[in-house]
Amino acid sequence: SKTQHQYNFVVKEARYTRLCSTKSILTVNGEFPGPVISAHQGDTVYVNVYNRGTHNITLHWHGVKQPRNPWTDGPEYITQCPIKPGEKFRQKILFSREEGTLWWHAHSDWSRATVHGAIIIYPRKHRTYPFPRPYAEVPIIFGEWWKNDVWKVYTEFRRTGGSPNNSDAITINGQPGDLYPCSNSGTFKLNVDQGKTYLLRIVNAAMNLILFFSISKHNLTVVGADGCYTKPLTRDYIAISPGQTIDALLYANQEPDQYYMAARAYSSGAAVPFDNTTTTAILQYNGNYPPISSPPLPYLPYYNDTQAAFNFFGSLRGLPKRYPKSIPFNATTHIETTLSVNTFPCPKGQTCEGPNGTRFAASINNINFVASSIDILEAYYYHIKGVYSKGFPIFPPFLFNFTAQYLPLELQIPKKGTKAIVLKYGSVVELVFQGTNLVGGIDHPMHLHGYSFHVVGYGFGNFNKAKDPLQYNLLDPPLLNTVVVPKNGWATIRFKATNPGVWLMHCHLERHLSWGMETVFIVKNGKGWNETLLPPPPDMPRC
Ligand code: C2O
């Protein structure tokens with residue numbers, strides 16, 4: 001477990017060849033996926049970010065709580081202004097309670113498609129994993145590859161208001177794998193010794209795809225998720241949403257041979273076109289054995305198998321004895337949110353490619369989030385007026401049958417706003433996410449910055465205030481930073497607001513984020529000396 005306390009991240013273009021063609025992509029240090037950051041729990045790491053690209057950029061440390069220090073959290077126009085081409089920002093990463101696998105990624109436009117990498121957090125010195133020490137550890141990073149320039153894909157769908165183009169491949173560690181054209185020579189290979197145990201540090205860095213993943217003839221034993229340990233869960237496949245990370249043990253206990261590992265998309269969204277292709281990598285046992293020509297593909301649930309997806313998500317259990325803090329029992333702040341895909345009418349004189357000639361939008365409680373021109377954190381800290389307003393609605397503005405098949409058309413149009421939810425320091429928040437069937441429902445992987453939360457319940461259909469809370473798991477809920485809210489269903493999370501600052505919450509499907517499915521929490525300072533926001537670093541980028 002070698003770790004270092006300072007990294008230089010040079011954001012720059014590099015030429016990469018995939019799917020029979022070569023293009024320039026944005027990278028960190030020319031690497032795709034980008035460099036791994038490793039640390040021990042409790043460490044402080046500095047990353048010097050140099051923007052040598054041609055667009056503004058910011059970098060975010062996904063799942064790192066950054067206690068009292070949102071200044072270097074990264075989301076563009078939320079906690080900082082972007083780093084302009086030619087400029088530099090020294091970002092401090094404070095590892096406090098997280099342990100296991102997290103990741104970092106760009107947090108402006110769609111550059112995270114290629115600008116991302118794993119974060120590995122080892123236990124504190126003299127502490128051990130809550131499972132037998134693996135023989136070796138291997139990052140497995142899922143991504144998506146577009147043959148086209150990602151900046152063009154992004155600007156095009158922003159211009160037309162339609163759906164973004166699908167990616168042309170799903171990738172494992174940057175490689176599409178054997179089932180795609182011109183890809184065999186690069187296919188990721190994991191060499192193992194029979195009888196040994198491997199820790200897979202799995203990251204879903206894909207832009208818009210929840211994925212199923214499995215390995216032929218092998219089980220995976222999940223031992224951690226989102227930088228927190230879990231009770232061991234042994235399965236023949238896993239499901240993982242964009243934003244989520246999973247630590248899983250792989251026992252190399254089969255006949256020495258070659259086996260495929262494979263991932264493909266899960267999507268419950270009926271009308272949403274998606275990538276139905278499969279990415280593969282090879283698990284290869286070391287030793288001498290007769291080579292086989294084509295190893296069989298592993299079992300993967302069907303692309304729209306919602307049961308299979310939620311059977312996995314719903315089976316994750318926390319490991320209370322390793323929890324940093326106990327499960328909050330009595331909520332002081334109740335928040336109910338609706339998550340909707342919406343539309344705006346097409347402006348006169350334009351052609352729009354959303355449903356029936358509209359523009360796509362998305363909202364939380366019918367508020368379509370509009371980015372401000374300077375970041376909300378600085379506006380809050382320096383009392384700059386007119387950047388955002390308080391009073392984001394903490395209940396849906398209308399009561400409707402959220403999951404009915406046909407919903408009134410007038411519900412489809414959201415209100416624009418840059419509004420924040422203000423929380424008192426120490427509030428115990430219980431937040432219900434309710435997916436709606438507007439413009440056809442779909443699952444939403446909801447992510448909160450600055451916190452891990454307990455997922456105490458989820459279900460299908462409309463949330464029932466009287467009955468559903470009776471079923472909450474307050475014993476061993478998983479502690480996550482991204483929860484998948486089922487299509488036309490709901491999920492409830494709890495967290496204690498003890499990290500002051502400005503923290504973004506959003507859907508981690510990139511197109512939904514781009515369409516405005518996001519809001520911010522402003523958590524006020526507490527009274528204690530260690531309950532207040534730290535001062536900004538001297539080199540905050542200027543707008
Ligand atoms: Cu993975 Cu707002 O981030």
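This structure is a prediction, so every number in the text was calculated from the model and none was measured.

Draft legend 1. Molecular detail of the packing of aromatic side chains. Across all of its chains, the model carries 33 aromatic pairs by this definition. Between Y458 and F460, the aromatic rings sit 6.4 Å apart at their centres with planes inclined by 80°, giving edge-to-face as the arrangement. Residue classification places Y458 among the partly exposed positions, given a relative accessible area of 34%. Three or more aromatic residues link up through ring pairs in this structure, and these residues are W110, W146, W151, Y154, F157, F360 and W515. Looking at R18, its charged tip hangs above the ring of W145, at a distance of 5.7 Å from the centre. One cation-aromatic arrangement involves K23 over W145; the distance from NZ or CZ to the ring centre is 4.7 Å.

Draft legend 2. Expanded view of the side chain of T436. Tracing the backbone through its elements, the reader meets T436 in the loop between β25 (428–435) and β26 (444–448). There is a polar contact of 2.8 Å between the side chain of T436 and the side chain of S340. A polar side-chain atom of T436 sits 3.3 Å from the main-chain amide nitrogen of L438. Ignoring anything within four residues of it in the chain, the contact list for T436 reads T338, L339, S340, F400, F402, G441 and N488.

Draft legend 3. Fine view of the state of the cysteines. Inspection of every chain in the model, using the stated rule, returns 3 disulfides. One disulfide bridge connects C20 with C182, the sulfur atoms lying 2.0 Å from each other. The S-S bond linking C20 to C182 shows a torsion near 100°; that makes this disulfide right-handed. A residue pair is termed long-range when its members are at least 10 positions apart, and C20 in the loop between β1 (6–18) and β2 (21–28) and C182 in the loop between β10 (169–172) and β11 (189–192) qualify at 162 residues. Here C182 falls in the exposed class, since its relative accessible area comes to 57%. A sulfur-sulfur distance of 2.0 Å marks the disulfide that ties C346 to C352. On the S-S bond that ties C346 to C352, the torsion sits near 80°, and the link is right-handed. Looking at C352, the relative accessible area reads 11%, which means it is buried. If one numbers only the bonded cysteines of the chain, in the order they occur, the disulfide pattern is 1-3, 2-6, 4-5.

Draft legend 4. Region of interest: the sheet that holds strand β32 (residues 518–523). Across the sheet, 5 strands lie side by side as β24-β32-β31-β26-β29; this open sheet has mixed pairing. Two strands in the sheet have a free side with no partner beyond their single neighbour: β24 (420–423) and β29 (482–485). The mean angle between the axes of side-by-side strands here comes to 20°, regardless of whether they run parallel or antiparallel. In terms of strand pairing, strand β31 (residues 501–507) meets β32 through 6 bridges, oriented antiparallel. Bridge pairing in β32 links H506 to E518.

Draft legend 5. Seen up close, the side chain of Q434. Here Q434 is to be found in strand β25. The class of Q434 is buried, set by a relative accessible area of 3%. A distance of 2.8 Å separates the side chain of Q434 from the backbone nitrogen of F463, its partner in a polar contact. From its side chain, Q434 meets the backbone oxygen of G489 in a polar contact 3.4 Å long. Not counting chain neighbours up to four residues away, the residues in contact with Q434 comprise T337, T338, L339, F402, T403, G461, N462, F463, N488, G489 and W490.

Draft legend 6. View of the sheet that holds strand β3 (residues 37–40). With respect to topology, 4 strands assemble into an open sheet ordered β3-β8-β7-β5, the strand pairing being mixed. Each having just a single partner strand, β3 and β5 (59–62) make up the two edges of the open sheet. Within the sheet, the average angular offset between the axes of one strand and its neighbour, ignoring direction, is 20°. One ladder, built from 6 bridges, connects strand β7 (residues 100–106) with strand β8 (residues 116–122); its direction is antiparallel.

Draft legend 7. Region of interest: helix α2 (residues 306–313). Here α2 lies mainly inside the structure; 6 of its 8 residues are buried. Considered for burial, the residues of α2 that qualify are T306, A308, A309, F310, F312 and F313.

Criteria and thresholds
- Residues numbered from 1 in each chain as written.
- Predicted model: local features only at pLDDT ≥ 70, side-chain atom pairs only at ≥ 80, totals over all residues.
- Heavy atoms only, no water.
- Phe/Tyr/Trp six-rings, centres within 6.5 Å; stacked < 30°, edge-to-face > 60°.
- Buried < 20%, exposed > 50% of the residue type's maximum accessible area, 1.4 Å probe, protein only.
- Lys NZ or Arg CZ within 6 Å of the ring centre and 35° of its normal.
- Helix = DSSP H or I, 4+ residues; strand = E, 2+ residues; numbered from the N terminus.
- Polar contact = N/O pair within 3.5 Å; in protein donor to acceptor, adjacent residues only side chain to side chain.
- Contact = heavy atoms within 4.5 Å.
- Disulfide = S-S within 2.5 Å.
- Pairing = 2+ DSSP bridges.
- Axes fitted to C-alpha atoms, helices over the stretch in contact; angles between N-to-C directions.

Remember that the coordinates give geometry; whether it matters functionally is a separate question.
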